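Below are the chains, spelled out letter by letter.
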Amino acid sequence: MVVQGIKVATTGRNGVGAFILQCKRLEFFYCDWAGSSKGMNTFLRTNLQKFAKANPAIEILVSPRPARHPVIRGHYINGREKAICVKNMKEAQILQKAELLRDANGEKLRRVVKPVKSVNDSVRGIWSPYHKPGGGGMHV
Amino acid sequence: MRRIPRVNGTPIALHSRIIRTSNTSICFACRLQATSYSTSTESQAKEKQSSFTQGLRKRIWGVDNPPGPEDPYSTSQLGETRVEGEPSVDTIVDSLEINRGELERSKRSERQQEEKQREELMKNYEPSNSWDGLEVIGDRRPQLTEGNHYSGFMPKNVSEDTEEVVIALHRAVVEAHALRQAGQPLAGISKNIATDVDWTVNVNVIPTASGTTLEFSQGATLDDVVQQLIASPKSTIDVEAPTESQEDVEADRSTEDPLHPEATEDEVNKKRYPTESEEDVVADRSREDPLETSEGTYVRHSEIIASWNPAWLETSVEDLDLKFSILKRVTQLTGIRIADTAIQPSNTVKTLLSHLVKPPKPDKLIDALGDNQALKHIPNLFITGKKITSYDRQTMLGRQKLIDAELTKRGLPLFGENRARTLR
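I will try to describe carefully the structure that is included in this document.

Analysis parameters
- Residues numbered from 1 in each chain as written.
- Chains lettered and ligands numbered in written order.
- Predicted model: local features only at pLDDT ≥ 70, side-chain atom pairs only at ≥ 80, totals over all residues.
- Heavy atoms only, no water.
- Helix = DSSP H or I, 4+ residues; strand = E, 2+ residues; numbered from the N terminus.
- Buried < 20%, exposed > 50% of the residue type's maximum accessible area, 1.4 Å probe, protein only.
- Contact = heavy atoms within 4.5 Å.
- Areas by Shrake-Rupley, 256 points an atom, 1.4 Å probe, with all protein chains shown as cover.
- Buried area = accessible area lost by both parts, 1.4 Å probe.
- Salt bridge = Lys/Arg side-chain N within 4 Å of Asp/Glu carboxyl O.
- Polar contact = N/O pair within 3.5 Å; in protein donor to acceptor, adjacent residues only side chain to side chain.
- Nonpolar A, V, L, I, M, F, W, Y, C, P; charged D, E, K, R; others polar.
- Pairing = 2+ DSSP bridges.
- Core = buried A, V, L, I, M, F, W, Y, C linked by side-chain atoms within 4.5 Å.
- Axes fitted to C-alpha atoms, helices over the stretch in contact; angles between N-to-C directions.
- Parallel < 35°, antiparallel > 145°, perpendicular 65-115°, else oblique.
- Phe/Tyr/Trp six-rings, centres within 6.5 Å; stacked < 30°, edge-to-face > 60°.
- Lys NZ or Arg CZ within 6 Å of the ring centre and 35° of its normal.

Our next topic: the overall build of chain B. Counting secondary structure elements, chain B contains 16 helices and three strands. Looking at chain B as a whole, 21% of its 424 residues are labelled buried. Taking all contacts inside chain B whose residues are at least 6 apart in sequence as the whole, residues at least 24 apart take part in 58%. Summed over all atoms, the accessible surface of chain B reaches about 33,900 Å², with 52% contributed by carbon and sulfur.

Counting from both sides, the interface comprises 23 residues of chain A and, opposite them, 21 residues of chain B. Contact between chain A and chain B buries roughly 1,700 Å² in total, counting both sides, with carbon and sulfur atoms accounting for 61%. Where chain A packs against chain B, one counts one salt bridge. Glutamate 27 of chain A is paired through a salt bridge with arginine 393 of chain B; the nearest N and O atoms lie 3.0 Å apart. One can count 10 residue pairs in polar contact (both at pLDDT 80 or more) joining chain A with chain B. Of all the elements, strand S2 (residues 59-64) of chain A adds the most residues to the side of chain A that touches chain B, at six residues. Here the side of chain A that touches chain B is composed, by residue class, of 12 nonpolar, four polar and seven charged. Note that S2 of chain A and strand S3 (residues 381-383) of chain B share three bridges and pair parallel. Bridged to isoleucine 60 of chain A within S3 of chain B is leucine 381 of chain B.

Let us look at the pairing of strand S2 (residues 212-216) of chain B. All names here are of chain B. Note that strand S1 (residues 203-207) and S2 share five bridges and pair antiparallel. Opposite asparagine 204, over in S2, you have glutamate 215 as the bridge partner. Between S1 and the antiparallel strand that follows it, S2, lie four residues; glycine 211 among them carries a positive phi value of about 160°.

Residues and elements named next belong to chain B. By size, the foremost hydrophobic cluster in this structure holds 35 residues, and its most contacted members are Leu169, Trp312, Ile326, Ile338 and Leu356. Examining the composition of this core, we find that 10 residues originate from one element, helix H5 (residues 162-182), more than from any other. Apart from the residues within four sequence positions on either side, isoleucine 326 is in contact with Leu169, Ala172, Val173, Ala176 and Val317.

All right, on to the packing of H5 of chain B against helix H6 (residues 222-230) of chain B then. Residues and elements named next belong to chain B. At a minimum axis separation of 9 Å, H5 and H6 run at an interaxial angle of 105°. With respect to H6, the element H5 is oriented roughly perpendicular. In this structure, H5 contributes Val174, Glu175, Ala178, Leu179, Gln181 and Ala182 to the contact, and H6 contributes Leu222, Val225, Val226 and Leu229. By residue class, the composition of the contact of H5 with H6 is eight nonpolar, one polar and one charged.

What follows deals with the pattern of salt bridges. All chains considered together, the criterion is met by 10 salt bridges over all chains. Its salt-bridge partner being glutamate 27 of chain A, residue arginine 25 of chain A comes within 3.0 Å of it at the nearest N-O pair. Accessibility assignment for this pair places arginine 25 of chain A and glutamate 27 of chain A in one class, buried. With a shortest N-O distance of 3.8 Å, glutamate 107 of chain A and arginine 110 of chain A are connected by a salt bridge. One network of salt bridges, with partners in common, ties together Arg25, Glu27, Glu59 and Arg73 of chain A together with Arg393 of chain B.

A separate point is the packing of aromatic side chains. Residues and elements named next belong to chain A. Scanning all chains against the criterion turns up four aromatic pairs over all chains. One aromatic cluster in this structure is built from Phe28, Phe43 and Phe51. Against the face of phenylalanine 29 rests arginine 65, its NZ or CZ located 6.0 Å from the ring centre. Taking the ring centre of tyrosine 76 as reference, the NZ or CZ of lysine 82 above it sits at 5.9 Å.

What follows covers unusual backbone geometry. All names here are of chain A. The phi angle at alanine 67 is positive, at roughly 60°, despite the residue not being glycine. Counting through the fold element by element, alanine 67 comes out in the loop between S2 and strand S3 (71-76). One non-glycine residue, asparagine 88, adopts positive backbone phi at about 60°. Tracing the backbone through its elements, the reader meets asparagine 88 in the loop between strand S4 (81-85) and helix H3 (91-103). In this structure asparagine 88 comes out as exposed when scored by relative accessible area, which is 59%.

If you want it as structure tokens, here you go:
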């Protein structure tokens, strides 16, 4: 029989050839009156400039949201959004949350059962009832 | 019943000892008693231990008779390790106890003496009804008598006007350099505050490579500035015992009429609707100059500041004496104090001014962000001062104009029935 190659469709892998940042927009909402927004206000006064310069590919919007807790909302390429309420947080913690949203993709959070995904063949082979270690197994 | 004595050693060892004797006619208990009973067990143990220790010490020192006690771990031989001349522990403790007793006795006698003195004082004691005549202890406040006005170093109210502070700083700088040029000590800068004429307004401070020079104009001289500081003119009001001639001067200056002391108000002023001619009379008698308004003072300050050479802000204050005297004078004039951490790194008058005059903290965050010029040049950053509504979001997406066009086409209001049709 002629050896034929396995037909495999090419799939894109973000980061292999080129990397596309999944987060396209970050919105920072603050309040001038609420005490829970103190950390956010300090973050916007001190860290915002550095963060915006470090991430030129992300559109950053800052706007007040009166009488509400401060929130950071991220918009992603897959059309989904993620929001984190940063009430009563310090500026370092808020920066951490902003980086978390920046590094995320828009996928829903799932419980990871099998952390390894691979296209390589299994090392020990796929189970079959006809083969048992030390002999045995079904005889057909 | 015969008492079986205690036996040293484990039962197994004892049993092995008994087996070695190999005498089967005697019972086990009797054999046990016979083999294990010993009156000299402790001393044997001690001897064994001391012989072991002695052997070890011989090996360590390498001699047959090693120095030190035979059993260094025995408590009874501690005294033998003392150095000659050193007191023993017992004597030290005894001496301490003796000292403590003497101390207690002396304290007791002192207390008794104090009590005796107090008793003698209490014999003549009478409680007073007021504090007149009583001895005042710990009161450092100056005694205020009639005619003696206490004036503190700093003014009661802190200056909040920026231009006043700038003028006060300029004055301090001029005065400090004037004292330096005149060879007077800088400590005299805060001796006097002259309120009638301020000659420093007409002086320009010009920093040069060799130092700072003062440029006098409009009749001001170095002597005027220095005399203003050194001289301390006393007004007749503050003098405790004015002379006759001074009383006459005061009487001349006084506005009260000695013949009619109660009639201070003019009858014309009391009228509710004075006639034109009566208004003229009031205006003539009034001391207020209609040309001088409250805004006139404001303009004058800014004009004064504009008339100075702006290089005065670059004057160096690295000389610590100069810096301190300037700050002391500014504090005396304005009541504003700068933190020590801000004073130390300040090298120019401009830096001092930045600490003296601080802009008010913005109420809104948008104002604080607006002051930051660097944020305006970041292309991916958008800051809005108003809440972003759904209308704004639709506008950003580009849908809102279509919505508005369709609503207008149908004749429907854009923002509700009661509001006017207006596009943002």
